[in-house]
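Commentary on secondary and tertiary structure
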There are 2 protein chains.
Amino acid sequence: MTYCVGLLLDAGMVFLSDTRTNAGVDNIATYRKMFTFVDPGERAIVILTAGSLSITQTVIAKLSEAIEDSDNAPYDSIMHAPSMLRVTEIIGQVLSDVTADISAKVSRMSQAATASMIVGGQRAGGAPRMFLLYPEGNFIEATPDTPFLQIGEHKYGKPILDRVVAPETSLADARKAALLSMDSTLRSNLSVGMPLDLVIVETDACAIGEETRIEPNDADFMALSDAWSAALRDSFRAIP
Amino acid sequence: MTYCVGLLLDAGMVFLSDTRTNAGVDNIATYRKMFTFVDPGERAIVILTAGSLSITQTVIAKLSEAIEDSDNAPYDSIMHAPSMLRVTEIIGQVLSDVTADISAKVSRMSQAATASMIVGGQRAGGAPRMFLLYPEGNFIEATPDTPFLQIGEHKYGKPILDRVVAPETSLADARKAALLSMDSTLRSNLSVGMPLDLVIVETDACAIGEETRIEPNDADFMALSDAWSAALRDSFRAIP
C-alpha cells in the first residue's frame, strides 16, 4: 500500500509520500513515489503515485521519454504543455493507456492492476493547481473547500487534515499537518513505511523550495511524532 | 456502512455502534446494530453487527428463535451455552449458514452480501470475553495486547484507540475513547451516522450497566466532540 498527500494552500503546495511497496506482506521494498519535473522559474510539477508499481513506473518512464525526445514520443511533453490542466490531461492519457495495456495482460491471469496519482504544480503566468488522477485517467481538482488530496491508504490520516487544513494555513503548519497525517497512517498500517519524501513548492516560485527525504530515525520527525502522541494523550485526559 | 467498536478491559466491556444503514447513498435509514441478551447475574451477551442488514437481521432472528423455543429450533440457545466460546461458536454457525443461504440467492444476480459481528459478554463463573466474527463464521478474540475490536468503517477511528486504550484503562476513559473514535469516524464518513447506541458491562456483574442511546443533538456528546476538536487544534498549534 501507499500513502501520499498533497495540500494546495494560498502560500504554496506541500507534497508528502511514503516509500513502501509490497507484493504480498513477505516481499517489501523501498521505492520513491514522488517525481519532480522542474524548469526553475518557468514551471514546477510534482507527481505522487500509488498502486501497481509496474503501472506507475511505466507512466513516469513514458512521460520522461516525451520530455527528452518530444519529436518522436507518442505523447506531448509535460514541460511544454501550456497549462497545468493540459499537463494533467497528458498524464491522465498516459495513465489510461498504460493501465489498459497492463490490465489486458494481468486479466488473463485473473489479476487486476491499477494506479492513481496526485499531480500538482505551477507554470509561470498560471495559477498553482493540484489534481487527483483516477486509475481510468480522469481527474478531480483540489479547491478551497477541499484543499488537500490523498491517494492510497488515506483514511487513518484524514481526521487531522479535516480539522486543521484550510487554504489560509501557512506552509509551516501545512508541513506539520501532512507529517502528522502520515504519522497516524504509519502507526496504524504496516503497509505504509518510512523513509518519507517531502517537497514544498511556494506559490509563484515555479521551483522546488524544500525537498527532503526523512529517514526512519530522523530526530525531528521522531520528536514531532512523540510530541503529538503526548499532546493527544494529554488532550484525552483533559477532556471531561 | 457502519462503525462498531468493542473494548475489553480489566474493569469491563464498552460497546458502541452507529445506526446508519444505506442501500446506495439515496436510501438511508436508521437501524439498531446492537443487540443485548441478558439474564441478570447469570449472563450478559452483547452483539454488534455490520454488513448486509438482511443477513444480520436474520441471524439475530434465528438466535432469538433458539432462545424462545430451544426444543424446536435448529440451533442451541446462546442463553444456555456453557461458555462465551460456545456462545460465539453458535453465532458463528448461524452467521455462516445465513450468509451461505443469502449469498447463493444474491450471487444469481451477480451481487454479494456479507456481514461481520462483535460478540462480547460474560456468564457467571466465566471470564469476560470478546470476539470478532468474520463473514465466514470463524472468529478472533480480543486479548490484552489488542484490547479492542472494530467492524465496519474502522480506519478513521483507530488512531485514537491505538494511542489510549490498554487493559487497565478505566471504564470512564474507555467510554470517552470509544465516543472520540466514533466522532472521528462520523466526521470523515457520511455512511456512519447518529444516533449511537452505547452499552457498558462491568466485569463480574453479568448484567448491563449503562445502556444509552445518544441522539444527534445530545448535549454531552456535542460538548465532548467540540472539546476534542479544540484540544486537537490546540495540540497542533503547540507542537513545534
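Structure first, text after, so check above.
Residues numbered from 1 in each chain as written. Chains lettered and ligands numbered in written order. Predicted model: local features only at pLDDT ≥ 70, side-chain atom pairs only at ≥ 80, totals over all residues.

Tallying secondary structure elements over chain A gives 5 helices and 12 strands in all. Its C-alpha atoms put chain A at 65 × 45 × 30 Å along the principal axes. Residues counted as buried form 47% of the 240 residues belonging to chain A. (Helix = DSSP H or I, 4+ residues; strand = E, 2+ residues; numbered from the N terminus. Buried ≥ 20, exposed ≤ 12 C-beta atoms within 10 Å, placed from the backbone.)

This part covers the interface of chain A and chain B. Chain A puts 22 residues into the contact, and the matching count from chain B is 22 residues. Sorting the residues of the side of chain A that touches chain B by element identifies α3 (158-164), α4 (171-188) and α5 (219-238) of chain A as the ones contributing at least two each. It is α5(A) that contributes the most residues to the side of chain A that touches chain B, 10 residues altogether. (Contact = placed C-beta atoms within 7 Å.)

Screw-axis analysis of chain A against chain B gives a translation of 0.0 Å along the axis, an RMSD of 0.0 Å, and a rotation angle of 180 degrees. Given the turn and translation reported, the copies of this chain are related as if by a two-fold rotation axis. Closest approach to the rotation axis within chain A is made by the C-alpha atom of A:Tyr156, at a distance of 2.5 Å. An overlap of 100% is found between the interface residues of chain A and their copies at the interface of chain B, pointing to a shared contact surface. (Least-squares fit on C-alpha atoms with pLDDT ≥ 70 in both.)

Residues and elements named next belong to chain B. Counting buried residues in strand β2 (residues 12-17) gives 6 out of 6 residues, a clear majority hidden from the surface. Here β2 shows two buried faces, one formed by Gly12, Val14 and Leu16 and the other by Met13, Phe15 and Ser17. Note that β2 and strand β11 (residues 196-202) share 6 bridges and pair antiparallel. From the neighbouring strand, valine 14 faces β11, where its bridge partner is isoleucine 200. (Pairing = 2+ DSSP bridges.)

All names here are of chain A. The 5 strands lie next to each other as β10-β1-β2-β11-β12, forming an open sheet whose pairing is antiparallel. Each edge of the open sheet is held by one strand with a lone partner, namely β10 (148-152) and β12 (211-214). When the angles between neighbouring strand axes are averaged without regard to direction, this sheet yields 10 degrees. As judged from the 4 bridges shared by strand β11 (residues 196-202) and β12, these two strands associate in the antiparallel manner. Residue pairing across strands places leucine 196 opposite isoleucine 214, the latter belonging to β12. (Axes fitted to C-alpha atoms, helices over the stretch in contact; angles between N-to-C directions.)

Inspection of the secondary structure puts B:Arg20 in strand β3 (residues 20-22). B:Arg20 sits 170 residues away from B:Leu190 along the chain, and the two C-alpha atoms are 9.3 Å apart.

It is worth spelling out the environment of B:Thr146 at this point. Position of B:Thr146 among the secondary structure elements: in the loop between β9 (139-141) and β10 (148-152). Through-space distance from the C-alpha of B:Thr146 to that of B:Glu65 is 33 Å; in sequence the pair is 81 residues apart.

This paragraph deals with the packing of α5(A) against helix α5 (residues 219-238) of chain B. In contact at an axis separation of 10 Å, α5(A) and α5(B) are set at 145 degrees when each is read in the N-to-C sense. When you trace α5(A) past α5(B), the crossing you get is right-handed. Together, A:Ala231, A:Leu232, A:Ser235 and A:Ala238 of α5(A) and B:Ala231, B:Leu232, B:Ser235 and B:Ala238 of α5(B) make up the contact between the two elements. Taken together, the residues that form the contact of α5(A) with α5(B) break down as 6 nonpolar, 2 polar and no charged. (Left-handed = near helix turned anticlockwise from the far one by under 90°. Nonpolar A, V, L, I, M, F, W, Y, C, P; charged D, E, K, R; others polar.)

Glancing now at helix α2 (residues 84-107) of chain A. All names here are of chain A. In this model, α2 (24 residues) spans 33 Å end to end at C-alpha, consistent with the 34 Å of a helix rising 1.5 Å per residue. Restricting attention to buried positions, one finds in α2 the residues Met84, Val87, Thr88, Ile90, Ile91, Gly92, Val94, Leu95, Val98 and Thr99. In the core, the buried residues of α2 are packed alongside β6 (43-51), α1 (53-68), β7 (115-123), β8 (129-133) and β9 (139-141). (Expected span 1.5 Å × (residues − 1).)

Residue and element names in this part refer to chain B. The strand order across the open sheet built from 5 strands is β5-β6-β7-β8-β9, with neighbouring strands paired in antiparallel fashion. Of all strands in the sheet, those bounded by a partner on one side alone are β5 (34-39) and β9. In this sheet, neighbouring strand axes are inclined to one another by 15 degrees on average, regardless of whether the strands run parallel or antiparallel. As judged from the 9 bridges shared by strand β6 (residues 43-51) and strand β7 (residues 115-123), these two strands associate in the antiparallel manner. The partner of threonine 49 across the bridge, within β7, is methionine 117. Contacts from helix α1 (residues 53-68) reach β5, β6 and β7, with the element oriented near 155 degrees to β6. Its contacts with the sheet put helix α2 (residues 84-107) on β6, β7, β8 (129-133) and β9, and the angle it makes with β7 is roughly 160 degrees.

The subject of this paragraph is the packing of α4(A) against α5(A). All names here are of chain A. Packing of α4 against α5 brings their axes to within 10 Å, and their N-to-C directions diverge by 75 degrees. When the axis of α4 is compared with that of α5, the two are roughly perpendicular. In this structure, α4 uses Leu179, Leu180 and Asp183 to contact α5, whose residues at the interface are Phe221, Leu224, Ser225 and Trp228. Split into classes, the residues belonging to the contact of α4 with α5 amount to 5 nonpolar, 1 polar and 1 charged. (Parallel < 35°, antiparallel > 145°, perpendicular 65-115°, else oblique.)

It is generally the case that most residues other than glycine have a negative phi and that most peptide bonds are trans. Residues and elements named next belong to chain A. Methionine 194 connects to proline 195 through a cis peptide bond whose omega is -5 degrees. With respect to the helices and strands, proline 195 occurs in the loop between α4 and β11. Positive phi, normally seen in glycine, also occurs at cysteine 206, with a value near 50 degrees. As for its placement among the helices and strands, cysteine 206 is situated in the loop between β11 and β12. Judged by C-beta crowding, with 22 C-beta atoms within 10 Å, cysteine 206 ranks as buried.

Residue and element names in this part refer to chain B. Looking at the secondary structure, you find threonine 88 in helix α2. Judged by local crowding, threonine 88 falls into the buried class, with 26 C-beta atoms found within 10 Å. Once the C-alpha coordinates of threonine 88 and glycine 24 are considered, the two residues, 64 residues apart in sequence, prove to be 31 Å apart. Ignoring anything within four residues of it in the chain, the contact list for threonine 88 reads Val119, Phe131, Leu133 and Phe139.

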